[in-house]
Number of protein chains: 2
Amino acid sequence: MLSTDGFVVTPRFFPGGDIGSLAVHGTVNDLAMMGAVPVALSLAYIVEEGLPLDELRRVTTSVAEAARACDVRVVTGDTKVVGKGAADGLFVTTTGIGVRLPGAHVAAANGRPGDAVLLSGPIGLHGITILSTREGLGFESSLASDSRPLHRLAAAMITAGACGVHTLRDPTRGGLASALNELAAASGVGVELDEPAVPIPAQVAAACDLLGLDPLHVANEGCLVAFVDPARAEAVLAAMRARPEGACATRIGTVVAGHPGRVTMRTLVGSHRVIDMLVGEQLAGHP
Amino acid sequence: MLSTDGFVVTPRFFPGGDIGSLAVHGTVNDLAMMGAVPVALSLAYIVEEGLPLDELRRVTTSVAEAARACDVRVVTGDTKVVGKGAADGLFVTTTGIGVRLPGAHVAAANGRPGDAVLLSGPIGLHGITILSTREGLGFESSLASDSRPLHRLAAAMITAGACGVHTLRDPTRGGLASALNELAAASGVGVELDEPAVPIPAQVAAACDLLGLDPLHVANEGCLVAFVDPARAEAVLAAMRARPEGACATRIGTVVAGHPGRVTMRTLVGSHRVIDMLVGEQLAGHP
Ligand SMILES: Nc1ncnc2c1ncn2[C@@H]1O[C@H](COP(=O)(O)OP(=O)(O)OP(=O)(O)O)[C@@H](O)[C@H]1O
Ligand SMILES: Nc1ncnc2c1ncn2[C@@H]1O[C@H](COP(=O)(O)OP(=O)(O)OP(=O)(O)O)[C@@H](O)[C@H]1O
Ligand SMILES: [Mg+2]
Ligand SMILES: [Mg+2]
Ligand SMILES: [Mg+2]
Ligand SMILES: [Mg+2]
Ligand SMILES: [Mg+2]
Ligand SMILES: [Mg+2]
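Residues numbered from 1 in each chain as written. Chains lettered and ligands numbered in written order. Predicted model: local features only at pLDDT ≥ 70, side-chain atom pairs only at ≥ 80, totals over all residues. Heavy atoms only, no water.

### Some details on the environment of A:A239
Residues and elements named next belong to chain A.
For step 1, the next point in the chain: For A239, the location among the structural elements is in helix 7 (residues 233-241).
For step 2, the next point in the chain: Residue A239 is classed as buried on the basis of its relative accessible area, which comes to 17%.
For step 3, the next point in the chain: As a C-alpha pair, A239 and V204 span 35 residues in sequence and 27 Å in three-dimensional space. (Helix = DSSP H or I, 4+ residues; strand = E, 2+ residues; numbered from the N terminus. Buried < 20%, exposed > 50% of the residue type's maximum accessible area, 1.4 Å probe, protein only.)

### Focus on the relation of the copies chain A and chain B
For step 1, the next point in the chain: When chain A is brought onto chain B, the operation consists of a screw motion whose angular component is 180° and whose axial shift is 0.0 Å, with 0.0 Å RMSD remaining. Put plainly, the chains are arranged around a two-fold axis. The C-alpha atom lying nearest the rotation axis in chain A is that of A:A87; the distance is 2.1 Å.
For step 2, the next point in the chain: Most of the interface of chain A is mirrored in chain B, where 100% of its interface residues again form contacts. (Least-squares fit on C-alpha atoms with pLDDT ≥ 70 in both. Contact = heavy atoms within 4.5 Å.)

### Re the interface of chain A and chain B
For step 1, the next point in the chain: Taken residue by residue, the interface counts 27 residues in chain A and 27 residues in chain B.
For step 2, the next point in the chain: Together, the buried faces of chain A and chain B total about 2,100 Å²; carbon and sulfur atoms form 67% of this surface.
For step 3, the next point in the chain: If you sort the residues of chain A by the area they bury against chain B, A:L2, A:T4 and A:K80 come out on top, with a joint share of 24%.
For step 4, the next point in the chain: Counting every contact that joins chain A to chain B gives two salt bridges.
For step 5, the next point in the chain: Taking the shortest distance from any N to any O, the salt bridge between A:K80 and B:D5 comes out at 3.3 Å.
For step 6, the next point in the chain: The tally of links between chain A and chain B comes to nine residue pairs in polar contact (both at pLDDT 80 or more).
For step 7, the next point in the chain: With seven residues, strand 5 (residues 73-82) of chain A is the largest single contributor of residues to the side of chain A that touches chain B.
For step 8, the next point in the chain: For the side of chain A that touches chain B, the residue count by class is 12 nonpolar, 10 polar and five charged. (Buried area = accessible area lost by both parts, 1.4 Å probe. Salt bridge = Lys/Arg side-chain N within 4 Å of Asp/Glu carboxyl O. Polar contact = N/O pair within 3.5 Å; in protein donor to acceptor, adjacent residues only side chain to side chain. Nonpolar A, V, L, I, M, F, W, Y, C, P; charged D, E, K, R; others polar.)

### Some words on unusual backbone geometry
All names here are of chain A.
For step 1, the next point in the chain: Of note, the bond from T10 into P11 is cis; its omega dihedral lies within 30 degrees of zero at 0°.
For step 2, the next point in the chain: Even without being a glycine, D71 presents a positive backbone phi close to 65°.
For step 3, the next point in the chain: Even without glycine at this site, A162 takes up a positive phi of about 45°.
For step 4, the next point in the chain: Within the element layout of this structure, A162 appears in the loop between helix 4 (151-161) and strand 8 (165-169).

### Structural notes on the site of ligand 2
For step 1, the next point in the chain: A:D5, A:T172, A:R173, B:L43, B:Y45, B:T76, B:G77, B:D78, B:T79 and B:K80 make up every residue found near ligand 2.
For step 2, the next point in the chain: Here an oxygen atom of ligand 2 sits 2.4 Å away from a polar atom, N or O, in the side chain of B:D78.
For step 3, the next point in the chain: Secondary structure elements with two or more residues in the shell around ligand 2: strand 4 (36-48) and strand 5 (73-82) of chain B.
For step 4, the next point in the chain: Its residues placed into classes, the shell around ligand 2 shows two nonpolar, four polar and four charged. (Near = heavy atom within 4 Å.)

### Looking at the site of ligand 1
For step 1, the next point in the chain: By nearness alone, every residue bordering ligand 1 is listed as A:L43, A:Y45, A:T76, A:G77, A:D78, A:T79, A:K80, B:D5, B:T172 and B:R173.
For step 2, the next point in the chain: Ligand 1 sits at a junction of chains, with neighbouring residues supplied by chains A and B.
For step 3, the next point in the chain: A:K80 is positioned with one of its side-chain polar atoms (N or O) 2.6 Å from an oxygen atom of ligand 1.
For step 4, the next point in the chain: Contact with the protein chains removes 56% of the 610 Å² of surface that ligand 1 exposes when unbound.
For step 5, the next point in the chain: Counting only elements with at least two residues in the shell around ligand 1, the list comes to strand 4 (36-48) and strand 5 of chain A.
For step 6, the next point in the chain: Ranked by residues supplied to the shell around ligand 1, first place goes to strand 5 of chain A with five residues.
For step 7, the next point in the chain: Along the lines of polarity and charge, the residues of the shell around ligand 1 split into two nonpolar, four polar and four charged. (Areas by Shrake-Rupley, 256 points an atom, 1.4 Å probe, with all protein chains shown as cover.)

### Considering the coordination of the magnesium ion (ligand 8)
For step 1, the next point in the chain: Donor atoms from the polypeptide that bind the magnesium ion (ligand 8) are A:D5 (OD) and B:D78 (OD), placed at 2.0 to 2.1 Å.
For step 2, the next point in the chain: Separating the magnesium ion (ligand 8) from the magnesium ion (ligand 3) is a gap of 3.7 Å, which A:D5 spans by donating to each of them. Note that A:D5 is positioned in strand 1 (residues 2-7) and B:D78 in strand 5, a pairing that runs across two chains.
For step 3, the next point in the chain: The class of A:D5 is buried, set by a relative accessible area of 14%.
For step 4, the next point in the chain: A residue is classified by how much of its surface remains accessible, and B:D78, at 10% relative accessible area, is buried. (Donors = N, O, S within 2.8 Å, 3.2 Å for Na, K, Ca; no water.)

This is the structure:
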């Protein structure tokens, strides 16, 4: 399996990571969400003339450390330098090869009514950290990106699930809301979330209030959401909680047959609201 | 085998191709030069906000056509949009997977004294076409880039060579001079070129004269140079000439034991001059 992503994040360095570790985790996680074990990566840089060499060195060191921690090898790469003003400092594109895990049958279209919706950890940390660092809002002093590899967590879930893990998705750009809408559309099912069950860190909630953002739309780089056969949900949840990156795993809702393609949330007061995905223009401001 | 390259060419459209076909041919050819059959590609775009949608469509159509003609599949991709001024229109990164051809034992270090140096076709067409189109010099009306896939030519050579094809290289950025210097250094051998044997189209020679460039330093995207066992050289040459992209294949020199790492050229008047590679700053102006 092959997966590619470009990384154009501003700022390039932020609490919890940098463009280099993000580029490794992003592609490793895309492979992991396909039920694959990542094996090798390629690393392509587009560098703006004048980028301090030291920055390039720091990013490259970070790539190497992240790859080592993920147990993948960077086997080839490319570097192109463009004139001053022709790029914004540094763009990184990683492409990964992975091998399908035995027993993995995950696909966006595999969700079924009755499935438990499991989330591996708190949402909003990456997006708010980037936004706050970029704009100097101050939240970044007590927050860090959740950027981290998820392939071991995914493998543990697939093993524990015994074919019961139907879908896996990392809610990156567009946040949890967009990921769930995509899965709902692809599977032709509805999703019902339970508002109090969705783990939103206090500082994320505060920042979102201030900025007029919905935490469900904020990007994540270190959590995943899964639709899991209800008969296997407890076993999968236990396997998730046994790993550090899944320590806070929790059930946040249920897949339903009603309203196919739509995600709703049962609020604290018992009403239902529709959770839309972020599209086009709206995505632009989001990291 | 995995190979990746970023493409940042200006202008994006030029006689003989565009950034899309170039991105396909570039990665297909890098795999071909490793003795591999290209199988699948990933395609990552970084798009500057405001790029006319029609341009993106034309490039994508061109990618699809080039991939079809190469018999490779674009299996995944990515698109990132950055703000106005944060990129120069469009950057394309392709990554390719290939499978080693049975019988291929090519490596930059495999050249041996006595090997024939074979070139598949005329040099300088891509670089001069790009430069002339970019600067509006007029040569582009009678020239076109040589951008084209070389994997079938490489396969035919490897089959005909029966292990006698020691090195393969497409002399892209830095031109024939840089490719030969790299091969000479990697193999610990010298290279002696025969000046009148090197095929330089008249318009390329004229443009180089005008611009003060050495045609040996100008980029190519559709020819290859090989070091081949002298006992197999005629058979390999015949196999090259049997293919359209090798119709003008010719022997341009010999690998020697003297001056390891150095490339020299026997000129028309019988003297020898050293052919240096293009490095660092010098490369910047070259397409
Ligand atoms: N960002 C990177 N990460 C890892 N390896 C890299 C990176 N950039 C370049 N390399 C390696 O360095 C070598 C030179 O790569 P580079 O892209 O600069 O030149 P090239 O591929 O020979 O030329 P061109 O890209 O113009 O075709 C290659 O072996 C490549 O794999
Ligand atoms: N340039 C492209 N060529 C081929 N397929 C593409 C290209 N760009 C995007 N795609 C495909 O379109 C889909 C959406 O890709 P896109 O990169 O826009 O979003 P994403 O990968 O879901 O999000 P993110 O890149 O933020 O993680 C994917 O299936 C991807 O393979
Ligand atoms: Mg992605
Ligand atoms: Mg992803
Ligand atoms: Mg390269
Ligand atoms: Mg290359
Ligand atoms: Mg090349
Ligand atoms: Mg993507």
